Amino acid sequence: MVIEELNQLKEENEKLRKDLKVSNQAREEDKIRIVSLQKKLTKIEKREADETAALENMVQMVEKNLELTTQRALRAEATVARLKEEIKILKTESVPIATYNQLLDANQCTMSAVRDKARAAADQMNAAAKNAEQAISQLLAGVDTVKFISQQLDSIDRITDVHVHSDNG
């Protein structure tokens, strides 16, 4: 009877050792996974920081281009106003038709150049806006990934707590 109980206790002891070994292996695997996920999170955070910096640079470039375009438009408007005034003065002085036509042609060329520059500036601004929109989309996707990894790490913490509580119980 004592031998039987002793054998039974040995079997139970052996089973508990196996369970402990399996639990320790699972804990080690969880530690490795946590380290791996932390490395991934660090990479994602660095990539997000890089993307944010790139986006900030892009926004600064757009702002600079907008400022330059505004300055060009103001200069063009001033030139147009000056030319209109010159035309008005020349008309009142009874300028010969050939001179008038030359001034009119010069004004048309200036207006055409202003329109072309305005179109080019608008195209540049549209391209910059599209690039900014893509960068923002990528940044938002990165944020979703970081949230997901955070949830995974939180879940691992809860799983580890369950194993610790079950080992103590």
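Structure: above.
Described in the following lines is the structure provided in the data block.

About the thresholds
- Residues numbered from 1 in each chain as written.
- Predicted model: local features only at pLDDT ≥ 70, side-chain atom pairs only at ≥ 80, totals over all residues.
- Heavy atoms only, no water.
- Salt bridge = Lys/Arg side-chain N within 4 Å of Asp/Glu carboxyl O.
- Helix = DSSP H or I, 4+ residues; strand = E, 2+ residues; numbered from the N terminus.
- Buried < 20%, exposed > 50% of the residue type's maximum accessible area, 1.4 Å probe, protein only.
- 1 Å grid on protein atoms, 1.4 Å probe; cavity = no way out; pocket = protein on both sides within 12 Å on 5 of 7 lines; lining within 4 Å.
- Points joined across faces, edges and corners; volume = space filled by probe spheres on them.

### Section: the pattern of salt bridges
What the rule picks out here adds up to five salt bridges. Ionic pairing is found between lysine 31 and glutamate 28, a salt bridge with its closest N-O pair at 3.7 Å. Of the two residues, lysine 31 and glutamate 28 both sit in helix H1 (residues 2-92), three residues apart, roughly one turn of that helix. We classify lysine 31 as partly exposed; its relative accessible area is 44%. The salt bridge involving arginine 47 is made with glutamate 51; its shortest N-O contact spans 3.8 Å. Here the residue arginine 47 and the residue glutamate 51 both occupy positions in helix H1, the gap between them amounting to four residues, near one helical turn. Residue class for arginine 47 comes out partly exposed when judged on its relative accessible area of 42%.

### Digging into the environment of leucine 140
Relative to the elements of secondary structure, leucine 140 occurs in helix H2 (residues 97-168). In sequence terms leucine 140 and glutamate 48 are 92 residues apart; their C-alpha atoms lie 9.3 Å from each other.

### Observations concerning the environment of alanine 127
Inspection of the secondary structure puts alanine 127 in helix H2. The exposure class of alanine 127 is partly exposed, given its relative accessible area of 38%. Taking the C-alpha atoms as reference points, alanine 127 and valine 62, 65 residues apart in sequence, are found 9.5 Å from one another.

### What to know about the layout of surface pockets
Looking at the largest pocket, its volume works out to about 230 Å³. Around the largest pocket, the lining residues are Thr69, Arg72, Ala73, Arg75, Ala76, Thr79, Thr110, Ala113, Val114, Lys117 and Ala118. At the level of secondary structure, the elements contributing two or more residues to the lining of the largest pocket comprise H1 and H2. Looking at the lining of the largest pocket element by element, the count peaks at six residues for H1.

Structural measurements only, silent on function.
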